[in-house]
Amino acid sequence: LAQVHTSRERVFYLFIHSRAMGAVFSSCGCGDGLSALLGGGAKRRQTGMGVVDAAPDGVVEAQFQRARAGSWTSPLPKAQLQGAASPGGADFEWCEEAFSLDVQPAGGSTPAAVKASIAADPDARGRRVAEASFASPGDPRAHFLTEQLFASTGTLPKAASSTDRQLRELKNTATHEMLKKLPKHLVEATGPDGQALRRRLLNGATVVFFTAGYPGKRFIFERARDMGVKSVIIEHPDSWARALVDDGIIAKFIPIDMSQDAAIVFQQTLDAIRALANDPLTREADGVVTFCELSVPVVARLTEILQLPGHSPLSVDKARDKHWTRAEMKKAGLPSPKNMLIKGEADLQAVASEVGFPAVLKPISGAASLGVKKVTGWEDLQSSYREVVTELNSLVVSSGALVKNDGSGTGVDANKVMDCTILMEQYLDGSEVDVDVVMSDGDWRYAAVTDNGPTLEPYFNETWAVCPSGLPSAAQKILKDLAIATLKCLGFQDGIFHVELKLTTHGPQLIEVNARMGGGQVHETNLRVWGIDLVEETLFCGVGIPCRPYIPSREPPGGAVAYCDINATRSGTLQSLDFLKPLKGKEGIVWAKPYIQAGTQVVGPQDGLPTWLAEIVVQKSNAQEALDYLFELQNSLDPPIV
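What this report covers is the structure whose coordinates are included nearby.

Analysis parameters
- Residues numbered from 1 in each chain as written.
- Predicted model: local features only at pLDDT ≥ 70, side-chain atom pairs only at ≥ 80, totals over all residues.
- Heavy atoms only, no water.
- Helix = DSSP H or I, 4+ residues; strand = E, 2+ residues; numbered from the N terminus.
- Expected span 1.5 Å × (residues − 1).
- Buried < 20%, exposed > 50% of the residue type's maximum accessible area, 1.4 Å probe, protein only.
- Contact = heavy atoms within 4.5 Å.
- Salt bridge = Lys/Arg side-chain N within 4 Å of Asp/Glu carboxyl O.
- Pairing = 2+ DSSP bridges.
- Axes fitted to C-alpha atoms, helices over the stretch in contact; angles between N-to-C directions.
- Polar contact = N/O pair within 3.5 Å; in protein donor to acceptor, adjacent residues only side chain to side chain.

1. Description of helix α17 (residues 473–489)
Thinking step 1. Taking 1.5 Å as the rise per residue, α17 with 17 residues should run 24 Å; its terminal C-alpha atoms sit 24 Å apart, in good agreement.
Thinking step 2. Among the residues of α17, A475, Q476, L479, K480, L482, A483, I484, T486, L487 and C489 are the ones counted as buried.
Thinking step 3. Check the buried side of α17 and you find it contacts α14 (322–331), β15 (431–440), β16 (443–452), β18 (495–504) and β19 (507–514).
Thinking step 4. G491 sits one or two residues past α17 and shows a positive phi near 95°.

Dropping the structure here:
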């Protein structure tokens, strides 16, 4: 211990010594006292489910037992049956008022600027792209958020080649130094002891979060605080996350004007992270992460330059470009639907002959759900292509917002900052699933399958989901295999991924790869059903700690979780949120949350992309029971739209 200098390292080495000597301690009883010293007795801890009782070893005790029903496949490479059951119970969260986009932020700034951090995150449900404010009023320039949403990667630095990436060495951060001094088998151990060790390694680390996302992601920073992380958030000056410093949740908030172009935002962020080394509150950053899709390319480039753990920018760029993803899969011999780029109306005949019908049109750069549409024949393709291109070309960036051109001559044409190339690909029939993957050291360590309900065509709005999957185990396996093989062919080594696929009549097919934890209900679902905390695993990856999640029982410890988005069935004005009130107090409901406020103009499927009104999450003993209950609740609702 004479060579261990920091208090973080001293506590850590004492912990390691106790684990390595576990057999000796167990024979004399000393381990009980040391466990009490390190972990304390039974305590209460805050989770995404509310406050729950935690056992002395840090494993949350079971709230109730659930019978096995249906077919499921383990999300782990091999069974790990250790420890108690994972979180259970259903702590009902009732929200009668949606978050107000026009809330006055701390410091008296203008309400319009608050929307910047929300628009940066497509996970913010119920908000149409054209309604989200991207920057401060009066700024007509193309800037960071518009670049990343419509022309990724914009003016960001180019990605290093695969060869140059292989030659780079990681910086000797405090976490990296501790990892080098530890036996590999201890750090990579599965089970509760291994996870406890990795949590000890993370404790005290400084982690930078580039952009905070929408306010519903507050739980991420609360979880980081609970794990002893010194969190630094870099965001627009008027972000809601600024108040997290006064709340004692994060260590530091660094304001950067996101209305600037991506190159300037990137350089200022890089300088700010480097300056942390001279701040006694934080010291040098151990890692940089994000939970926001549009920020993934930025963070990959930051970590590459800073020599910190993170995704290869080249892999991220391949994943975000749908056409590039398909090309890489084809080279790797993986199944991929027919697809072809449309750069102009002159290409339509050739593309139709190559791809065939039915097919799907989608902007190559991705813009949430904007411009995604199913086409069923030649005439439909012609009219739909014109509709999509006209919609994209009719938008302008005005006062920092993407809005319809009103003919006033203000603003910059969006097509000057947006790649309007359209990808047409073969329509995929069959069941849609999500696979949430944890990769570490070049291989998968966790992959859980969630079934998705049929989307509302032709705009592909999501409807419902249930976990664990009800598909046969063999079907789940081939879907997981394709998700993992796709990640590997794109060059990913470590990280958390949300992969969307379909099980078609011709086998499994990829929809898209998101190189970060899924938004919405994804974290809560994996935590409740499997006991796996994807925030925790993201933080491990972010500082270079190996991920080895484990599931503590033979059955899905939390039974099943099902959730749905309530779509507007017709266009009009939502009169009130009273349609949700009958759900309050019902057993088995985890939460019911409105996405929008009363008085909001909504769109039905007859007039375009339907508006999400609310979400409902339920938890039951098995997947079919959860899904049946969800449908019962959904069918009982009649949103007052006039």
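2. Looking at the pattern of salt bridges
In a structure, side chains of opposite charge can pair up when their charged atoms sit close to one another.
Thinking step 1. Counting across every chain of the model gives 25 salt bridges.
Thinking step 2. Taking the shortest distance from any N to any O, the salt bridge between D533 and R223 comes out at 2.7 Å. Of this pair, D533 sits in the loop between α18 (522–530) and α19 (534–543) while R223 is found in helix α10 (residues 218–226), placing the two residues 310 residues apart along the sequence.
Thinking step 3. In this structure, R225 engages D226 in a salt bridge whose closest nitrogen and oxygen atoms are separated by 3.2 Å.
Thinking step 4. One connected set of salt bridges, linked through shared partners, spans K184, E188, D441 and R548.

3. Topic: the environment of V299
Thinking step 1. Positionally, V299 belongs in helix α12 (residues 296–306).
Thinking step 2. Setting aside its immediate chain neighbours within four residues, V299 contacts F210, V288, V289 and T290.

4. Some words on the sheet that holds strand β14 (residues 422–426)
Thinking step 1. Taking strand neighbours across the sheet as the criterion, the four strands line up as β8-β14-β9-β10 in an open arrangement whose pairing is antiparallel. At either margin of the open sheet sits one strand with a lone partner, and together these are β8 (339–342) and β10 (373–375). The average angle at which neighbouring strand axes cross in this sheet is 30°, direction not considered.
Thinking step 2. With three bridges connecting them, strand β9 (residues 359–363) and β10 associate as antiparallel partners.

5. Comments concerning the side chain of E304
Thinking step 1. Residue placement: E304 occurs in helix α12.
Thinking step 2. E304 sits in the buried class, given a relative accessible area of 14%.
Thinking step 3. A polar atom in the side chain of E304 sits 3.5 Å from the backbone nitrogen of A160.

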